[in-house]
Amino acid sequence: MKNPRVFYAVISVAVYAVLWFVGNGFHGAEVRWQEEAAPWLGEAPAGVQVQTLRAASAEQLPCSEFTLAADAALQQKIISTFGLEPVAQGEVTVYTGKGVLPVYPADYPMLPGGLSAVLSPRLTVQADGTMLFCPDDANAAKDESVARKLAPVYPQYLPQSPQWEVARGLMLAVLCFLLPGVLCCAGWLWVQRRAVADANTPYICYFLPAVVAFLGAYADFYVHGFDTSYSTFSAVFSALTNVVCAFVLVMLTKMVRGR
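Residues numbered from 1 in each chain as written. Predicted model: local features only at pLDDT ≥ 70, side-chain atom pairs only at ≥ 80, totals over all residues. Heavy atoms only, no water.

Enquirer: Quick rundown of the pattern of salt bridges? Include the residues and the values.
Expert: Where charged atoms from two side chains of opposite charge approach closely, those side chains can pair. Across all of its chains, the model carries four salt bridges by this definition. We note a salt bridge from Arg32 to Glu36, for which the minimum N-O separation is 3.9 Å. Here the residue Arg32 and the residue Glu36 both occupy positions in helix H2 (residues 29–36), the gap between them amounting to four residues, near one helical turn. You can call Arg32 buried: its relative accessible area is 17%. (Salt bridge = Lys/Arg side-chain N within 4 Å of Asp/Glu carboxyl O. Helix = DSSP H or I, 4+ residues; strand = E, 2+ residues; numbered from the N terminus. Buried < 20%, exposed > 50% of the residue type's maximum accessible area, 1.4 Å probe, protein only.)

The structure is reproduced here in structure tokens:
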């Protein structure tokens, strides 16, 4: 491709998109049930659907909510497993509790700091019996001192490699906050050995990474259910970190090569 600006735009967007999809690994309702609810409730019920509840403000977090068909046995199973009690009744009945503190098997591969964050399940039963189940309301008050300790009822559904989640998070952080700047600078200045003073350097090393990082970060946070203001802030921060990264790489290149 003769135009280097177009070439680097295509490459940076393509690499960002591929790694974003690999790192996020979006799954359907049954897989998300297996990840979030199956260790406590077993196999996903037939016809389960899932949606991501968007955070209402920058201070809140998104969470998953599963839609379940009317099933008295499953309803009672959810209530008894998590120790839920009705807190609001009317056309819908909402059940919550004091939270659940997971107690994992002794041989389960733990990470530094452990995995025992308090879960805050919430069940909403509608007038027709249809249920909305949130395995963990991330915005609910969490207190380990009053939470109910509970070992996974179906430990076979626990993730067998929780370290992957840490690795995936680190990969996505690098992708979001560093990769566009590193990719463009490395390709332009080191692989192609272009001069820092080249007329295309400001565009390829600064402008392009900032735009890709901004759009990519905004899409990432928004798709995952974060508030628009939080998504915008994260996108701006991502653009800035990539520009700073590019500036450091450009200065190092200039110091080493003198041009």
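Enquirer: Requested: an account of the sheet that holds strand S6 (residues 122–125), with residues and values cited.
Expert: One open sheet holds the six strands; their spatial order is S1-S2-S7-S6-S4-S3, and the pairing between them is antiparallel. At either end of the open sheet lies a strand with only one pairing partner, and these are strand S1 (49–53) and strand S3 (85–88). Adjacent strand axes in the sheet meet at a mean angle of 25° when their direction is disregarded. Taken together, the five bridges between S1 and strand S2 (residues 63–68) define a ladder with antiparallel strand orientation. Counterpart to Thr52 in the pairing with S2 is Ser64. Packing of H2 onto the sheet brings it into contact with S1, S2 and strand S7 (131–134), and relative to S2 it is tilted by some 115°. (Pairing = 2+ DSSP bridges. Axes fitted to C-alpha atoms, helices over the stretch in contact; angles between N-to-C directions. Contact = heavy atoms within 4.5 Å.)

Enquirer: An account of helix H6 (residues 179–191) is requested, with residue identities and associated values reported.
Expert: End to end, H6 covers just 16 Å across 13 residues, shorter than the expected 18 Å (1.5 Å per residue, more than 12% under). Residues Leu179, Pro180, Gly181, Cys184, Cys185, Ala186, Gly187, Trp188 and Leu189 constitute the buried set of H6. (Expected span 1.5 Å × (residues − 1).)

Enquirer: Lay out the packing of aromatic side chains with the relevant residues and their values.
Expert: What the rule picks out here adds up to 14 aromatic pairs. For the pair Phe233 and Phe237, a centre-to-centre distance of 6.5 Å together with 15° between the ring planes defines the contact as stacked. You can see Phe233 and its partner Phe237 sitting in helix H8 (residues 228–257), four residues apart, about one turn around the helix. Above the face of the Tyr222 ring, Arg54 is positioned so that its terminal group lies 3.8 Å from the ring centre. (Phe/Tyr/Trp six-rings, centres within 6.5 Å; stacked < 30°, edge-to-face > 60°. Lys NZ or Arg CZ within 6 Å of the ring centre and 35° of its normal.)

Enquirer: With reference to specific residues and values, describe H2.
Expert: Of all the residues in H2, the buried ones are Ala29, Arg32 and Trp33. On an axial view of H2, the arc spanned by its buried residues comes to 105°, and they lie on one face. Next to the buried residues of H2 lie helix H3 (38–41), S1, S2 and S7. (Arc of directions from axis to C-beta.)

Enquirer: Can you explain the pairing of S2? Please cite residues and give values.
Expert: For S2, the tally of buried residues reaches five of six residues, placing the bulk of the element in the interior. Both S2 and S7 contribute to a ladder of three bridges, which runs antiparallel. What sits directly across from Phe66, in S7, is Phe133.

Enquirer: Explain the environment of Val244 to me, and be specific about the residues and the numbers.
Expert: Examined against the element boundaries, Val244 turns out to sit in helix H8. Under the relative-accessibility criterion, Val244 is labelled exposed at 52%. The spatial distance from the C-alpha of Val244 to the C-alpha of Ala210 is 9.8 Å, given a sequence separation of 34 residues.

Enquirer: Before we move on, could you go through the environment of Lys98 and cite the residues and values that matter?
Expert: You can see Lys98 is positioned in the loop between strand S4 (93–96) and strand S5 (100–102). Linking Lys98 and Leu84, residues 14 residues apart in sequence, is a C-alpha distance of 8.0 Å. Not counting residues up to four positions away in its chain, the partners in contact with Lys98 are Asp143, Val146 and Ala147.

Enquirer: With reference to specific residues and values, describe the pairing of S7.
Expert: Burial along S7 is two-sided: the face carrying Met131 and Phe133 and the face carrying Leu132 and Cys134 are both buried. Bridge count between S6 and S7: four bridges; the pairing is antiparallel. Residue pairing for S7: Arg122 is matched across the bridge by Cys134. In this antiparallel pair of consecutive strands, S6 and S7, the connection spans five residues, and Gly129 shows a positive phi of 95°.

Enquirer: Lay out the packing of helix H1 (residues 4–24) against H6 with the relevant residues and their values.
Expert: At their nearest, the axes of H1 and H6 sit 10 Å apart, and the two run at 140° to each other. Taken together, the axes of H1 and H6 lie oblique to each other. Crossing of H1 against H6: the hand is right-handed. Contacts between H1 and H6 involve Pro4, Tyr8, Ile11, Ser12, Val15, Tyr16 and Leu19 from the former and Leu179, Pro180, Leu183, Cys184, Gly187 and Trp188 from the latter. Per-class residue counts for the contact of H1 with H6 are 11 nonpolar, two polar and no charged. (Parallel < 35°, antiparallel > 145°, perpendicular 65-115°, else oblique. Left-handed = near helix turned anticlockwise from the far one by under 90°. Nonpolar A, V, L, I, M, F, W, Y, C, P; charged D, E, K, R; others polar.)

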